[in-house]
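What follows is each chain in one-letter form.
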Amino acid sequence: MIESSTALDQGQDTSLSHAGLEVLARAFVLTVHLALSGASTAGRAFVVGLSNATASRTHTEASENATADEDRAHELAEQLRTMFRHWEELRFRDGVENEVSRSLYRMLVLHSTDFVDALTRIVASENTNPRVLAEAMRHLGRFVHQPTRHERLWLLERGLRASSPVSRDGAALGLAHLADKRAAPYLEAAIATEPVPGLRDDLKQVLDELLGNAVAREARQ
Amino acid sequence: MPLLVKLDNKRMWDSPGWLPAGEVTADAVLDLRVEQNELSVWFVEQDRSNLERVLGALAANREHVEKLDYAVFDEASLAQVGVEARPSQGQLPDEHANENWHRDLVELSGRRLVAVAEVIASGSPQRCSHSNVRRILTDAAVQGHLRRDLVRERLAADLPWPQ
């Protein structure tokens, strides 16, 4: 990966300050982590940003990469917004595949972390139909796609803070599917601040389920 | 006698602050799947002994394991709003449930539907969680409550069946 080799090359520069080396070490660790887990646009941009701080030689190349990533994420987000508007007409049924689940899975397989980044922008923008967004987040947690697992977990945790209770519910249901106990602190925080009594109960149910699942999985291992 | 209705989305049944007491939101009314002016519901024993079997039958009529939202309400309340629950054949993968516990709320006008929604809301909508649905489906398959050939292949492949 470009980011990895850049960070390693810079590690050989004896003129770097101690603080710079620490930053570099963190960048290297993050780069390896991203390489293993599937680097996101945001992650790549972060690493590229650190590289730029210590090596002007790669500045132009890194900027071009970051710009291209940004353009791609923007383009995907626009494509998703159009699809979301179209899906507002649909009626969803639990446990049944639909146009949303099929389309999103195709995009996930095709664009991997770039797709999750684009969807994160939509979650953050808060200008999408909550019902469609909830459906999207529910399926996002259900999909089996290991390279984007961390990014999807992060997106769903972010979804717990959506302004619409319908969207928050969708995020929680996505987390129930993902069954990752790292979401527990975020669910606890969401429960503490949830103003809708019925949703608060459902969030507690997801938390119990998630911790129970985690315990059961650990017992099997 | 208690009746059970499957809901699409429990969130539609939350009561926002502006909603007058005893009423339901328009979203809640739209959450009910009415076909030909009838609404499908299921009879539940007073002691709820068949509740999980009904939930399992409903969950088996899907493609994958997913949470299930529902409400249990009192049939007597329906009579007060002029709605009849008529026994009919169900269409789920559990034949015993289809033959014994299925009812249709019939001759629903728009006004009656709103009244039914208010009765349903009084029964406090519930959610059977993802993992609970899986447990119920597993039990239903193992105990032979479900006909495998009536369960969609994808879900059937995800369940244990007696040899």
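Presented here is a report on the structure given in the accompanying data block. (Residues numbered from 1 in each chain as written. Chains lettered and ligands numbered in written order. Predicted model: local features only at pLDDT ≥ 70, side-chain atom pairs only at ≥ 80, totals over all residues. Heavy atoms only, no water.)

## Describing helix 2 (residues 51-59) of chain B
- Where burial is concerned, most of helix 2 of chain B is hidden: 7 out of the 9 residues are buried.
- Residues Leu51(B), Val54(B), Leu55(B), Gly56(B), Ala57(B), Leu58(B) and Ala59(B) constitute the buried set of helix 2 of chain B. (Buried < 20%, exposed > 50% of the residue type's maximum accessible area, 1.4 Å probe, protein only. Helix = DSSP H or I, 4+ residues; strand = E, 2+ residues; numbered from the N terminus.)

## Considering the packing of aromatic side chains
Residue and element names in this part refer to chain A.
- For the coordinates displayed, the defined rule picks out 2 aromatic pairs over all chains.
- The interplanar angle of 40 degrees and the centroid separation of 5.5 Å between the aromatic rings of Phe84 and Trp87 together place this pair among those described as tilted. Residue Phe84 and its partner Trp87 are located together in helix 4 (residues 59-87), separated by 3 residues, close to a single helical turn.
- For Phe84, a relative accessible area of 1% gives the class buried.
- Look at Trp87 and you get buried, because its relative accessible area is 1%. (Phe/Tyr/Trp six-rings, centres within 6.5 Å; stacked < 30°, edge-to-face > 60°.)

## Concerning the environment of Leu150(B)
- Along the chain, the position of Leu150(B) falls in the loop between helix 6 (130-142) and helix 7 (153-156).
- Among all residues touching Leu150(B), those that are not within four sequence positions of it are Leu92(B) and Pro93(B). (Contact = heavy atoms within 4.5 Å.)

## Structural notes on the environment of Val114(B)
All names here are of chain B.
- Position of Val114 relative to the elements: it lies in helix 5 (residues 110-122).
- The exposure class assigned to Val114 is partly exposed, which follows from its relative accessible area of 34%.
- Sequence separation between Val114 and Asn50 is 64 residues, and the spatial gap between their C-alpha atoms is 28 Å.

## Some details on the pattern of salt bridges
Residue and element names in this part refer to chain B.
- All told, the structure shown has 32 salt bridges over all chains when counted by the stated rule.
- A salt bridge links Asp149 to Arg147; its shortest N-O distance comes to 2.6 Å.
- On the accessibility criterion, Asp149 (57% relative accessible area) is exposed.
- A residue is classified by how much of its surface remains accessible, and Arg147, at 33% relative accessible area, is partly exposed. (Salt bridge = Lys/Arg side-chain N within 4 Å of Asp/Glu carboxyl O.)

Geometry only, nothing functional implied.
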